There are 2 protein chains.
Amino acid sequence: MAKEEYGDVKFFGSGGSPYARRVQIALKLNGVKYQHFEEDIRNKSELLLKYNPIHKKVPVLVHNDKPIAESLVILEYIDETWKTHPLLPLNPYHRALARFWSRFIDDKVLPAIQEAAWTVEVKKREKAIEEAIEGLRYLEKELNGKFFGGETIGMVDIAAAFIAFWLPLMEEAVGLKLLTHDKFPKLHKWSQEFCSHPVVRENLPPPSRLLGFFKARYASITASK
Amino acid sequence: MAKEEYGDVKFFGSGGSPYARRVQIALKLNGVKYQHFEEDIRNKSELLLKYNPIHKKVPVLVHNDKPIAESLVILEYIDETWKTHPLLPLNPYHRALARFWSRFIDDKVLPAIQEAAWTVEVKKREKAIEEAIEGLRYLEKELNGKFFGGETIGMVDIAAAFIAFWLPLMEEAVGLKLLTHDKFPKLHKWSQEFCSHPVVRENLPPPSRLLGFFKARYASITASK
């Protein structure tokens, strides 16, 4: 496809945001050329607020002046618009499963991980750790190939990017170990496969910056305890 | 379509659940014949727990022995499997919007309405009322036809069924008025259109039972204050 065939594509993201990185990875996998607008999340641009007045968050994709928000909604849009690298399988049942697991990651696994990492109160933290491990167990069981998407990266893999890349750095920063090779051999292997995929690797934030961010956050939380 | 062409379709629902009713309405709009399993949510069946071990909730759709959970995921499956009554538009951008607004209802509007109705603490309640009204305002603005789906009922209409039918009864039970004709003329008219659609009307729970349930819940909350 020549560049003009993609139409006018604008992407609003923010370096460290795992949700924005999902969109970036999906665009790159599909070879879509786009204009990148980097947002400072403490000082959001007028354009971002115009395009996403409801959630006021990255990521936003603007295709031929039409804005779309919410990362999983954007992934489906990318899948239906550019078809170089399919993100969802063709079979309706497998599509339903991909949607189910992507939502499961967003609604259950990621909130539990966040709470496990950032909650100081011991009982709450322990409960969150349990929930996070339970969620990861379901994903471990679901993973039956190189990727959740089979031989190639699909929507669930992209939704789970946080687990592959952000989580180990977060674990290091807060002294927590959830995704052990021991308990989760398949997820562990997957996270390495995923992060070393050339398109993914080139579209992840610098680990040292992320680690610094997590360490600073943990220090501020434990100091204010 | 002859009955056997639909395959073996099992639906697990529970009378009062707005999420389960979404699936029922979508199945009926598509003329899908199914076997109805009514769940007692205080005493869930072995079958329900087998088919939805993760969330342990209705609705579940089982098509040719393959279970699918989560109402919005099921709606998309119905839309991709039986095509008598399309629930999503064809255009990718319009599909993205339908998905965005359906999630907006689930993630923002319904939680705010629930909190506005059932929170006794004044400040929290007032904040929730504000959020609920803000959410309804966005929906009011988005509604530009007979239905969110245009001339026919689509995914957003079905996702918003709670607002059309459950909300007015809840308002009556707890003495709250959110969806006024005054503030929301389009939504108000829509709710009447939606509830009087023959397929919807036949697939809603008896209002008196729902009202009784809401009143009892409110009494127990205010008593334990």
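Note that this is a predicted model, so its numbers are computed, not measured.

*Asks:* Honestly, the relation of the copies chain B and chain A in this entry has me stumped. Any pointers?
*Replies:* The operation relating the two chain copies consists of a rotation about an axis and a shift along that axis. You can overlay chain B on chain A at an RMSD of 0.0 Å; the transform is a turn of 180° with a shift of 0.0 Å along its axis. One copy is carried onto the other by what is essentially a two-fold rotation axis. No C-alpha of chain B lies nearer the rotation axis than that of B:D107, which sits 4.9 Å from it. The residues that chain B uses at the interface reappear at the interface of chain A in 100% of cases, marking a shared surface.

*Asks:* Any chance you could explain the UniProt feature "domain: GST C-terminal" (unreviewed entry) in chain A here in plain terms?
*Replies:* The UniProt record annotates "domain: GST C-terminal" (unreviewed entry) at residues 91-218 of chain A. End-to-end, the C-alpha atoms of residues 91-218 of chain A are 44 Å apart, and along that stretch the chain is 74% helix and 0% strand.

*Asks:* Explain the domain arrangement of chain A here, please?
*Replies:* How large an interface is tends to be reported as the accessible area lost when its parts come together. All names here are of chain A. Domain annotation for chain A reports domain 1 (3-81) and domain 2 (92-223). For domain 1 and domain 2, the distance between their C-alpha centroids amounts to 22 Å. Taken residue by residue, the interface counts 15 residues in domain 1 and 20 residues in domain 2. Broken down residue by residue, the surface that domain 1 buries against domain 2 is led by R22, I25 and L72, which jointly contribute 35%. Where domain 1 touches domain 2, the interface holds two salt bridges. For R99, the salt bridge is made with E76, and the minimal N-O distance between the two is 2.7 Å. Run the count over domain 1 and domain 2 and you get five residue pairs in polar contact (both at pLDDT 80 or more). Elements represented by at least two residues in the side of domain 1 that touches domain 2 include exactly α1 (18-29) and α3 (71-81). Among the elements that make up the side of domain 1 that touches domain 2, the one with the highest residue count is α1 (nine residues). Each residue belonging to the side of domain 1 that touches domain 2 can be placed in one class, and the counts come to seven nonpolar, four polar and four charged.

*Asks:* Would you explain the sheet that holds strand β3 (residues 60-63) of chain B in this entry?
*Replies:* Strand pairs in the sheet, formed through backbone hydrogen bonds, run parallel or antiparallel to each other. Residues and elements named next belong to chain B. Within the open sheet, the four strands sit side by side as β2-β1-β3-β4. Their pairing is mixed. The sheet is open, and its two borders are formed by β2 (35-38) and β4 (66-69), each paired with just one other strand. Looking at each pair of strands side by side, their axes are set apart by 20° on average, direction ignored. Alignment of strand β1 (residues 9-13) against β3, held across four bridges, turns out to be antiparallel. Pairing of K10 across the sheet is with V62, part of β3. Against the sheet, helix α1 (residues 18-29) makes contact with β1, β2 and β3, and its axis sits at roughly 150° relative to β1, the strand it touches most.

*Asks:* Where do I start with the pattern of salt bridges in this structure?
*Replies:* Once the charged atoms of two side chains with opposite charge are near each other, the side chains can pair. For the structure shown, the criterion picks out 22 salt bridges over all chains. B:E193 serves as the salt-bridge partner of B:K189, at 3.9 Å between the closest nitrogen and oxygen. Here the residue B:K189 and the residue B:E193 both occupy positions in helix α8 (residues 185-196), the gap between them amounting to four residues, near one helical turn. Look at B:K189 and you get exposed, because its relative accessible area is 53%. With relative accessibility at 26%, the residue B:E193 sits in the partly exposed group. Where salt bridges share partners, they join A:E76, A:E80, A:R95, A:R99, B:E76, B:E80, B:R95 and B:R99 into one cluster.

*Asks:* Would you mind showing me how to read the interface of chain B and chain A here?
*Replies:* Each partner contributes to the interface: chain B provides 25 residues, whereas chain A provides 25 residues. Buried surface at the junction of chain B and chain A, summed over both partners, amounts to about 2,400 Å²; 67% is from carbon and sulfur atoms. Interface area lost by chain B to chain A is led by B:I54, B:Y93 and B:F100, which between them contribute 26%. Taken together, the connections running from chain B to chain A amount to six salt bridges. A salt bridge links A:E80 to B:R99, with the shortest nitrogen-to-oxygen separation between them at 3.1 Å. Taken together, chain B and chain A are joined by eight residue pairs in polar contact (both at pLDDT 80 or more). Put simply, the parts of the chain that give the side of chain B that touches chain A at least two residues each are β4, α3 (71-81) and α4 (92-118) of chain B. Split by residue class, the side of chain B that touches chain A holds 14 nonpolar, two polar and nine charged.

Conventions we followed
Residues numbered from 1 in each chain as written. Chains lettered and ligands numbered in written order. Predicted model: local features only at pLDDT ≥ 70, side-chain atom pairs only at ≥ 80, totals over all residues. Heavy atoms only, no water. Least-squares fit on C-alpha atoms with pLDDT ≥ 70 in both. Contact = heavy atoms within 4.5 Å. UniProt positions renumbered as here; feature names shortened; annotations may be inferred. Helix = DSSP H or I, 4+ residues; strand = E, 2+ residues; numbered from the N terminus. Domains from an automatic or database assignment. Buried area = accessible area lost by both parts, 1.4 Å probe. Salt bridge = Lys/Arg side-chain N within 4 Å of Asp/Glu carboxyl O. Polar contact = N/O pair within 3.5 Å; in protein donor to acceptor, adjacent residues only side chain to side chain. Nonpolar A, V, L, I, M, F, W, Y, C, P; charged D, E, K, R; others polar. Pairing = 2+ DSSP bridges. Axes fitted to C-alpha atoms, helices over the stretch in contact; angles between N-to-C directions. Buried < 20%, exposed > 50% of the residue type's maximum accessible area, 1.4 Å probe, protein only.

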